[in-house]
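A closer look at the structure
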Amino acid sequence: MRVVDLIRKKRDAGEHSREEIEFLINGYTRGEIPDYQMAAWLMAVFLRGMTKAELTALTEAMLYSGKVLDFTDLRPKLPGTGKTIPGLVDKHSTGGVGDKTSLIIAPIVAAGGLVVPMISGRGLGHSGGTLDKLEAIPGFRVNLSNEEFRAALEKCGCALIGQTAEIAPADKKIYVLRDVIGTVESPSLICASIMSKKLAEGIEGLVLDVKTGSGAFMKKEEDAAYLAELMVETGKRMGKKVVALITDMDQPLGRLAGNALEVKESIEVLAGGGPSDLRELCLELAAWMFLLGERVSNLEEGRALAAEMIASGRARDKFREIVRQQGGDVVVVDDPEKLPLARNKVDVKSASAGYLVSTQCEQLGIACVVLGGGREKKEDAIDPAVGLEFHKRVGDAVRVGEALCTIHYNADARLDEARKLVETAYMIAAEPPKNLRSLVHRVIGA
């Protein structure tokens, strides 16, 4: 086979065989196919899409490009019964602005008795990455070996790591490439990336948080639902319990965006505070994880258990335990002001009075990247301290001169572009919006 022929085939809307897809993925993983050819093929996939047979082959090729872990011996027991339950569970979000739910949900669910082997990614496009956020904690190690991963799960019931060289290495390489060539939004590539990585974890249940709205990769709800159905079907076909929640990303989640800022807000939620939208979504996602892991018998019990883990302090204690286990400075859990702080702040103020009726949420995410909180090129370094602080939510009344957002920045040269993005992201009108969208739009696969 020749790579150029396969690029042409997909460019012309042809369907690949399983052997052709394995040739591409294995060759790229081994370094035999250069970035420029894989980039061309990924763009062809972005433009032409994939059939279900192709998607299954792509997911499996990426999954088996490395080692598939087995943690079934770590299955927990149901309290009070001694019964072993399929309690190896994880959650994945398709990404958005201010979406720091993994940092909150993982310790909640682990504190509640399940095992959470969470393999996460870095920032992709305008959306922040869980690994970049965790690395804002001084000393926190996300690059654990498979042996260290297992040891952390045995000790804490949870670990939040990046892909090792052995876990879905094809996805690790392709993930970085997709970020810089404009193919992030492809449903097929998103599905294969997420499911290959998650199925390699050895989990038994997976909760998917599929974002829709102006700050999501899937702007239209029907596109988000299509992606959710692809992932749920792929996971179930491979013997896993999978459910997807379609959730709102027409405005940032929570009040803070930026790596250290999001760690700070996560700690606030684990301590019983934090913004209500973020707390509500975390409780809902955690409840589904408890249900899939058979820790509870219904969603109401799951929500109550998640709330109890926060109220009792056990979730925050678990987060402290995870930070310590992975080499991070546990001081930040009790004093988030010890996290990296930007040297400068400036308010973006409203030029008119009225009501906030909508935000161009993706622009706010791009502003974070421009400030240095994300990568414009794959070799860029991250500034953990920069980000945005949101003062108004859709539906709120706004006065002239009132702060809509505070920019936390270090580099003066980056400020003007970021400020323009923020200023044009807010729409103020004389009348309040008639219909405020719910946080969870619907559930697929339940």
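Here the structure is a predicted model, which is why all the values come from computation and not from measurement.

**Some details on the overall build of the protein chain**
- A count of helical and extended segments in the protein chain gives 17 helices and 13 strands.
- A principal-axis box enclosing the C-alpha atoms of the protein chain has dimensions of 65 × 60 × 40 Å.
- A burial count over the protein chain gives 58% of its 446 residues as buried.
- In the protein chain, 76% of the contacts between residues at least 6 apart in sequence involve partners at least 24 apart.
- Surface accessibility of the protein chain: about 17,200 Å² in total, with carbon and sulfur atoms responsible for 50%.
- Taken as two groups, the 58 positive and 63 negative side-chain charges of the protein chain have centres that lie 1 Å from each other.

**Section: the sheet that holds strand β7 (residues 344-349)**
- Across the sheet, four strands lie side by side as β6-β9-β11-β7; this open sheet has antiparallel pairing. The strands lining the two open edges of the sheet, one partner per strand, are β6 (256-257) and β7.
- Running over the sheet, helix α16 (residues 361-373) touches β6, β9 (387-390) and β11 (403-409) and is turned about 140° from β9.

**What to know about the pairing of strand β2 (residues 116-119)**
- Of the two faces of β2, both are covered, the one formed by V116 and M118 as well as the one formed by P117 and I119.
- Here β2 pairs with strand β3 (residues 158-161) via four bridges, running parallel. Residue pairing for β3: I119 is matched across the bridge by I161.

**What about the pairing of strand β8 (residues 354-359)?**
- The sheet contact formed by β8 and strand β10 (residues 397-398) spans two bridges and is antiparallel. In the sheet register, G354 faces β10, and the bridge partner there is V398.
- In this structure, β8 lies alongside strand β12 (residues 426-429), joined through four bridges in antiparallel fashion. Bridge pairing links S358 to M427 in β12.

**Focus on the packing of aromatic side chains**
- One pass over the full model with this rule turns up one aromatic pair.
- The lysine or arginine in question, K173, covers the ring of Y28, its NZ or CZ lying 4.2 Å from the ring centre.

**Digging into the environment of E20**
- You can see E20 is positioned in helix α2 (residues 18-29).
- A residue is classified by how much of its surface remains accessible, and E20, at 13% relative accessible area, is buried.
- Along the primary structure E20 and M1 are separated by 19 residues, whereas in three dimensions their C-alpha atoms are 7.7 Å apart.
- Other than its neighbours up to four places away in sequence, E20 contacts M1, L6, K9 and E15.
- A polar side-chain atom of E20 sits 3.3 Å from a polar atom in the side chain of H16.

**Observations regarding helix α17 (residues 412-423)**
- Here α17 is 12 residues long and its end C-alpha atoms lie 17 Å apart, about the 16 Å a rise of 1.5 Å per residue gives.
- Restricting attention to buried positions, one finds in α17 the residues L415, A418, L421 and V422. Each buried residue of α17 sits inside an arc of 135° when the element is viewed along its axis, so together they form one side. Exposed and facing more than 90 degrees away from the buried side of α17 are A413 and K420.
- Summarising the contacts, the buried residues of α17 are in contact with β7, α16, β9, β11 and β12.

**Comments concerning the packing of helix α5 (residues 101-111) against helix α12 (residues 276-292)**
- Taken N-terminus to C-terminus, the directions of α5 and α12 make an angle of 45°; their axes are 9 Å apart at the nearest point. In terms of orientation, α5 and α12 fall into the oblique class. Relative to α12, the crossing made by α5 is right-handed. Between α5 and α12, the contacting residues are T101, I104, I105, I108 and V109 on the first element and L278, L281, C282, L285, A286, M289 and F290 on the second.
- For the contact of α5 with α12, the class distribution of residues is 11 nonpolar, one polar and no charged.

**As for the pattern of salt bridges**
- Tallying each qualifying case throughout the model produces 37 salt bridges.
- Here E337 makes a salt bridge to K264, at a shortest N to O gap of 3.2 Å. Within this pair, whereas E337 is found in the loop between α15 (331-334) and β7, its partner K264 is found in helix α11 (residues 259-270), the two being separated by 73 residues in sequence.
- For E337, a relative accessible area of 44% gives the class partly exposed.
- By relative accessible area, K264 is classed as partly exposed at 25%.

What counts, and where the lines are drawn
Residues numbered from 1 in each chain as written. Predicted model: local features only at pLDDT ≥ 70, side-chain atom pairs only at ≥ 80, totals over all residues. Heavy atoms only, no water. Helix = DSSP H or I, 4+ residues; strand = E, 2+ residues; numbered from the N terminus. Buried < 20%, exposed > 50% of the residue type's maximum accessible area, 1.4 Å probe, protein only. Contact = heavy atoms within 4.5 Å. Areas by Shrake-Rupley, 256 points an atom, 1.4 Å probe, with all protein chains shown as cover. Lys, Arg positive; Asp, Glu negative; His and termini not counted. Charge placed at Lys NZ, Arg CZ, Asp CG, Glu CD. Pairing = 2+ DSSP bridges. Axes fitted to C-alpha atoms, helices over the stretch in contact; angles between N-to-C directions. Phe/Tyr/Trp six-rings, centres within 6.5 Å; stacked < 30°, edge-to-face > 60°. Lys NZ or Arg CZ within 6 Å of the ring centre and 35° of its normal. Polar contact = N/O pair within 3.5 Å; in protein donor to acceptor, adjacent residues only side chain to side chain. Expected span 1.5 Å × (residues − 1). Arc of directions from axis to C-beta. Parallel < 35°, antiparallel > 145°, perpendicular 65-115°, else oblique. Left-handed = near helix turned anticlockwise from the far one by under 90°. Nonpolar A, V, L, I, M, F, W, Y, C, P; charged D, E, K, R; others polar. Salt bridge = Lys/Arg side-chain N within 4 Å of Asp/Glu carboxyl O.

That is the geometry; function is a separate question.
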